[in-house]
Amino acid sequence: MAVLYVSPMPYGANAAVDAVCHGLDNALDAADVDLRLLYSDFADPGWRDLATEAVDAGIAAGVQAIVLWIIDPAVPAAAVGRARAAGIPVVTLERPQFAVDAAVVYPNFNHGVYMSEYLATLLPPGARVAVVGGPDVVDDNELMLGLLHGLRTSGLTRVNDPEDPRYKNTTDVALGGKEKTANILADFDHLDGLIPFNDETLLGAVEALREAGRLGEMKMVSRNGTPAAVKLIRAGLHHGTWDIDGPGIGETAAGLVLRALAGEDLDELCVASPIGRMITAERASSWVPWDQRIARRPLRTGLGTAARTEP
């Protein structure tokens, strides 16, 4: 029995995305269900076609269920309709604008509010804060709304517009985070706080700060709770990362898949992913890395005999 997961980023590009995949794989494997991966990398201009082609490939291969991470809430509606018409249940990460069997919904707005509120505990009222924005995808758009709301209600002063392309890391990887942080540093000669929207962006931000001679000037928070971000907290270079529990997100999706495979009519059920917690300097020493929370197995990319193994 095989389940197809269509991932929005290639393996190794984003640690949080990888962790979600391993959580999904681990929970399905415990039920003797085989997970196969295909990619529709949203950095590729043709990713929408790739998502459609991946779902259609799953239908042709006869997979028993399909899991999709939703980037654009309207994509890939037609292909998902074909899958469901063929009797293949579809579970999504984030709720799309078209019918699916079930969806795992992230508390993105809450994450953003909590991140801003925590940063406010580290800074004086009215402190100047810059935000590095993220790509125009469902979860990051909602996160940004929460961040901005939290900054406003916490009494901090936001100095830039994270939707301005000059400050917006649409790549979702460290190199883009470095570039956009360098732009912020060039435009603002003093900052009390910085919010790189996620940990990959944070890694690039740290490099930009180091090269500018400003590392240590400002307090920073980010999202995802990746091992690299926690390492920076332990080193005193970062101040908090919101651990979204990537494996737990994958396990939540797997639970919905297994219910569908058992014949339950989920009727477009939405289930919240784990909310998580802020990993601070006080918590960093006891934090358990993702790959120690679950069994991390090699992942299989591709369908049929052409499948390859990811590390």
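One structure accompanies this document, and this report is about it. For clarity, every value in this text was computed on a predicted model and none was experimentally measured.

### Remarks on the side chain of Asp-140
Here Asp-140 is to be found in helix α5 (residues 138–153). Ignoring anything within four residues of it in the chain, the contact list for Asp-140 reads Pro-135, Asp-172, Phe-197 and Arg-223.

### What to know about the environment of Met-278
Along the chain, Met-278 falls in strand β13 (residues 277–279). Among the residues examined, Met-278 registers a relative accessible area of 5% and is labelled buried. Between the C-alpha atom of Met-278 and that of Asp-189, which follows or precedes it by 89 residues, the distance is 28 Å. In this structure Met-278 touches Met-115, Tyr-118, Val-221, Gly-240, Thr-241, Trp-242 and Arg-283, once residues within four positions along its chain are discounted.

### Here's the deal with the sheet that holds strand β8 (residues 193–196)
Pairing in this open sheet of 4 strands is parallel, and the strands run β7-β6-β8-β9 from one edge to the other. The open sheet has two edge strands, β7 (157–158) and β9 (219–220), and neither has a second partner. α5 rests against β6 (128–132), β7 and β8 of the sheet, and its axis sits at about 180° to β6.

### Observations concerning the pairing of β6
Along β6, 4 of the 5 residues are buried, which leaves the element largely enclosed by surrounding structure. Of the strand pairs in this sheet, β6 and β7 are connected by 2 bridges, and their pairing is parallel. Along β7, the bridge assignment pairs Arg-128 with Thr-157. Between the parallel elements β6 and β7, the chain passes through α5 in a crossover that is right-handed.

### Observations concerning the sheet that holds strand β10 (residues 222–224)
The strands making up a sheet associate through hydrogen bonds between their backbones, and the pairing can be parallel or antiparallel. Read from one edge to the other, the open sheet built from 3 strands follows the order β10-β11-β13, with strand pairing classed as mixed. The outermost strands of the open sheet, each flanked by one partner alone, are β10 and β13. Pairwise comparison of adjacent strand axes, ignoring direction, gives a mean angle of 35° for this sheet.

### Notes on the packing of aromatic side chains
Summed over the entire model, instances satisfying the criterion amount to 3 aromatic pairs. For the pair Trp-69 and Tyr-106, a centre-to-centre distance of 5.7 Å together with 85° between the ring planes defines the contact as edge-to-face. Taken together, the residues span a long stretch of sequence, with Trp-69 in strand β3 (residues 65–69) and Tyr-106 in the loop between β5 (102–105) and α4 (108–122) at a distance of 37 residues. A relative accessible area of 12% means that Trp-69 is categorised as buried. Taking 5.4 Å as the distance between ring centres and 40° as the angle between the ring planes, the aromatic pair formed by Tyr-114 and Trp-242 counts as tilted. Here Tyr-114 is found in helix α4, whereas its partner Trp-242 is found in strand β11 (residues 241–243), with 128 residues between them in sequence. A residue is classified by how much of its surface remains accessible, and Tyr-114, at 29% relative accessible area, is partly exposed. Among the residues examined, Trp-242 registers a relative accessible area of 8% and is labelled buried.

### Structural notes on the pairing of strand β2 (residues 34–39)
For β2, the buried fraction is high: 5 of the 6 residues fall into the buried class. Here strand β1 (residues 2–7) runs beside β2; their pairing, made up of 6 bridges, is parallel. In the sheet register, Tyr-5 faces β2, and the bridge partner there is Leu-37. Between β1 and its parallel partner β2, the chain crosses via helix α1 (residues 15–30), and the hand of that crossover is right-handed. Here 2 bridges tie β2 to strand β14 (residues 299–301), and the two strands are oriented parallel to one another. For Arg-36, the partnering residue across the bridge sits in β14 and is Arg-300.

### Notes on α4
A rise of 1.5 Å per residue sets the reference length of α4, with its 15 residues, at 21 Å; its end C-alpha atoms lie 22 Å apart and thus fit the reference within 8%. Here α4 has its buried residues at Asn-108, His-111, Gly-112, Val-113, Met-115, Ser-116, Tyr-118, Leu-119 and Ala-120.

### A word on the pattern of salt bridges
In a structure, side chains of opposite charge can pair up when their charged atoms sit close to one another. On inspection of all chains with the given rule, the structure shows 17 salt bridges. Note that Asp-101 and Arg-84 form a salt bridge whose closest N and O atoms lie 3.0 Å from each other. Residue Asp-101 is located in the loop between β4 (90–93) and β5, and its partner Arg-84 is located in helix α3 (residues 77–85); the two are separated by 17 residues in the primary sequence. By relative accessible area, Asp-101 is classed as buried at 17%. Residue Arg-84 is classed as partly exposed on the basis of its relative accessible area of 33%. Through salt bridges with shared partners, one network takes in Asp-25, Asp-29 and Arg-297.

Reading guide: rules and limits
- Residues numbered from 1 in each chain as written.
- Predicted model: local features only at pLDDT ≥ 70, side-chain atom pairs only at ≥ 80, totals over all residues.
- Heavy atoms only, no water.
- Helix = DSSP H or I, 4+ residues; strand = E, 2+ residues; numbered from the N terminus.
- Contact = heavy atoms within 4.5 Å.
- Buried < 20%, exposed > 50% of the residue type's maximum accessible area, 1.4 Å probe, protein only.
- Pairing = 2+ DSSP bridges.
- Axes fitted to C-alpha atoms, helices over the stretch in contact; angles between N-to-C directions.
- Right-handed = clockwise from strand over helix to strand, strands pointing away.
- Phe/Tyr/Trp six-rings, centres within 6.5 Å; stacked < 30°, edge-to-face > 60°.
- Expected span 1.5 Å × (residues − 1).
- Salt bridge = Lys/Arg side-chain N within 4 Å of Asp/Glu carboxyl O.

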